[in-house]
Amino acid sequence: MMQHDNAQATATCPTQLIAGDRIQLAHGEGGRLMRQLLMERIAPHLGLNPAWDDAARCTVAASQLAVSTDSFVVSPLFFPGGDIGSLAVYGTVNDLAVSGAQPLWLTLSLILEEGLPLETLDRILISLRAAATECEVAIIAGDTKVVPHGAVDKIFVNTTGVGQVRQPGSLGCARIQEADALIVSGSLAHHGIAVLAAREQLQLSPAPRSDSAPLHRVCQRLQQTLGEQLHAMRDATRGGLSAVMHEWAQSTGKTMRLFENRIPVTAGIRGACELLGLDPIYVANEGVFVAAVDASVAEQAIATLQQECGCPEARIVGEVIRQQQTPVIIQRLMGNWQSLDEPSGAPLPRIC
Ligand code: MG
């Protein structure tokens, strides 16, 4: 957090440094410039009135808390459907949401590259605050570091989220059972394809848009409706649906069986994936989650998602079965059964 003023730096800081429109190393050195950056630039965007204590103090009633942390290094910083600011809020809020927690608080760490235009920082913070307001989370602690040009790419953001678990013990992969239905809340691969297209300046038509969005309300509604019959949720970020299926197969010792013809993928995304040689099942999402629910409530879950949660593309895409030779199997569109390999390597780096 905030350090003491460095008297020497303060004495030698010429005022033209303050007037500059780019981040300078001195903005991170704990002196007057750093205080000005925090007080005059960062705090107003976030609606904060910084208290110069070393920790935020939070009062909670006796309850279970969920904590999640994530770092955001997405390139480019701005892409159709989102930017690093809103992504840094939604990404962490969604990890709390799928854990059955009401998001309450966020911490925010910024690592800024020397030379970053302050106007860029402004845009990111405005977006970040709007996302936090939308998610009803308070930013309660933060840190800002500045590193020399080239040590990071423009700006990296870390957020840590704390939420209150609504029904302790009711959600998690330990509750996944054989015959559970596997559900996805929306069509796949929008985020990964949108970021890749923006970064590589691919002229795709229509231009893909990220699905970056908060999931806490949808997750809460589904949990209220299904109660104990909702067994587990996970947001399908890096590695996409495939990564979640492999993680659940690993932790449950069961096989996840998917049917490709039930997996929602829009025609535009399918075409882009074919062009790029990517399988949408492996591509990152930032506003889609996977749920394992008791088979008896699978149709009710889809009706809730489609009719009450604004998720018209929600589908039952598979089921949990007794352990087979391979952890994840998929019936392809042609009718053939395949083992679905676990994502490996980084075909799409820096998408979140
Ligand atoms: Mg997650």
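For the structure itself, consult the block above.
Description of the structure in this document. Note that the structure is predicted; figures quoted are calculated from it, not measured. Here, residues in each chain are numbered from 1, in the same order as that chain's written sequence. Per-residue local features of the predicted model are confined to residues with pLDDT of at least 70, and side-chain atom pairs are confined, for both listing and counting, to 80 or more; whole-chain, interface and lining totals are unaffected and use all residues. No hydrogens and no water enter the side-chain calculation; it runs on all heavy atoms of the structure.

## Considering the pattern of salt bridges
Where charged atoms of side chains with opposite charge meet at close range, the side chains can pair. Keep this limit in mind: Any Lys or Arg side-chain nitrogen located within 4 Å of an Asp or Glu carboxyl oxygen qualifies as a salt bridge. Buried means the residue's accessible area, taken with a 1.4 Å probe over protein chains only, is under 20% of the maximum for its type, while exposed means over 50%, and partly exposed covers the values in between. Each helix corresponds to a stretch of at least 4 residues labelled H or I by DSSP, and each strand to a stretch of at least 2 residues labelled E; elements are numbered beginning at the N terminus.
Taken as a whole and judged by the stated rule, the model has 10 salt bridges. Between D153 and K154 there is a salt bridge whose closest N-O contact spans 3.1 Å. Note on D153: relative accessible area 25%, which makes it partly exposed. Given the relative accessible area of 40%, K154 is considered partly exposed. The salt bridge partner of E260 is R332, with a shortest N-O separation of 3.3 Å. Pair noted here: E260 is in the loop between β9 (255-259) and α9 (267-276) and R332 is in the loop between β12 (328-331) and β13 (337-339), with a separation of 72 residues, a long-range link. For the pair shown, E260 and R332 are each scored as buried. Shared partners join several salt bridges into a network, and the residues in it are D153, K154 and R350.

## So, the packing of helix α6 (residues 190-199) against α9
Note the cut-off: All axes here are fitted lines through C-alpha atoms, helices being fitted over the stretch that makes contact, and every angle between N-to-C directions spans 0 to 180 degrees. For classification, angles of less than 35 degrees are called roughly parallel, those exceeding 145 degrees roughly antiparallel, those between 65 and 115 degrees roughly perpendicular, and all remaining angles oblique. Helix crossings fall into two classes, left-handed where the near helix is turned counterclockwise from the far one by less than a right angle and right-handed where it is turned clockwise. Two residues qualify as a contact provided that any one of their heavy atoms is within 4.5 Å of a heavy atom in the partner residue.
Close contact between α6 and α9 brings their axes to 11 Å; oriented N to C, the two are set at 55°. In terms of orientation, α6 lies oblique with respect to α9. Pair α6 / α9 crosses with left-handed handedness. In contact with H190, I193 and L196 of α6, α9 contributes I269, A272, C273 and L276.

## Some details on the pairing of strand β10 (residues 289-293)
For clarity, the threshold we go by: A pair of strands counts as paired when DSSP detects no fewer than two bridges linking them.
A large share of β10 lies buried, amounting to five of its five residues. Because side chains alternate across β10, one face comprises the buried residues F289, A291 and V293, and the other comprises V290 and A292, equally buried. Bridge count between strand β7 (residues 181-184) and β10: four bridges; the pairing is antiparallel. Bridging from a neighbouring strand, A181 pairs with V293 of β10. Taken together, the five bridges between strand β8 (residues 230-235) and β10 define a ladder with antiparallel strand orientation. Pairing of M233 across the sheet is with A291, part of β10.

## A short note on the coordination of the magnesium ion
Here is the rule we go by: The donor set comprises N, O and S atoms within 2.8 Å of the metal, extended to 3.2 Å for Na, K and Ca; water molecules are omitted, so apparent gaps in a site may simply reflect that omission.
Coordination sphere of the magnesium ion, protein contribution only: D95 (OD) and D235 (OD), at 2.1 Å. Note that D95 is positioned in helix α4 (residues 84-97) and D235 in strand β8, a separation of 140 residues in sequence.

## Examining the packing of aromatic side chains
Quick note on the threshold: For Phe, Tyr and Trp, rings pair up if their centres lie within 6.5 Å, where Trp contributes its six-membered ring, and each pair is then called stacked (planes under 30 degrees apart), edge-to-face (over 60) or tilted (otherwise). Here, over-ring charges are defined by two tests on the NZ atom of lysine or the CZ atom of arginine: distance to the ring centre within 6 Å, and angle to the ring normal within 35 degrees.
A complete count under the given rule lists one aromatic pair for this structure. Each ring, one from F259 and one from W337, has its centre 5.6 Å from the other, and the planes form 75°; the classification is edge-to-face. Placement of the pair is F259 in strand β9 and W337 in strand β13, with a sequence separation of 78 residues. The ring of F78 is capped by R123, whose NZ or CZ atom sits 3.7 Å from the centre of that ring. The ring of F259 has R262 lying over it, and the distance from NZ or CZ to the ring centre is 4.0 Å.

## As for unusual backbone geometry
For the bond from S75 to P76, the omega torsion is 5°, close enough to zero to count as cis. With respect to the helices and strands, the residue P76 is situated in the loop between β1 (65-72) and β2 (78-79). Residue P206 follows S205 across a cis peptide bond; omega there is 0°. One can find P206 in the loop between α6 and α7 (216-226).

## Things to note about the nonpolar core
Here is the rule we go by: Nonpolar cores are built from buried Ala, Val, Leu, Ile, Met, Phe, Trp, Tyr and Cys residues. Side-chain atoms within 4.5 Å join them into one set.
Ranked by size, the top nonpolar core spans 72 residues in total, and within it L121, M245, W248 and L258 carry the most contacts. The biggest single contributor to this core is helix α5 (residues 118-135), with eight residues. With near-sequence residues (within four places) excluded, L258 lies in contact with L182, L241, M245, I263, V317, G318, V328, I329, I330, Q331, W337 and L340. Membership of the second largest hydrophobic core comes to 23 residues, among which are L226, A301, L305 and A314.

## Focus on the environment of I281
Tracing the sequence through the fold places I281 in the loop between α9 and β10. Using a relative accessible area of 3% as the deciding quantity, one classes I281 as buried. A sequence separation of 119 residues divides I281 from V162, and the C-alpha atoms of the two residues are 30 Å apart. Every residue in contact with I281, bar those within four places of it in the chain, is listed here: L188, G239, G240, L241, S242, I263, I330, R332 and L340.

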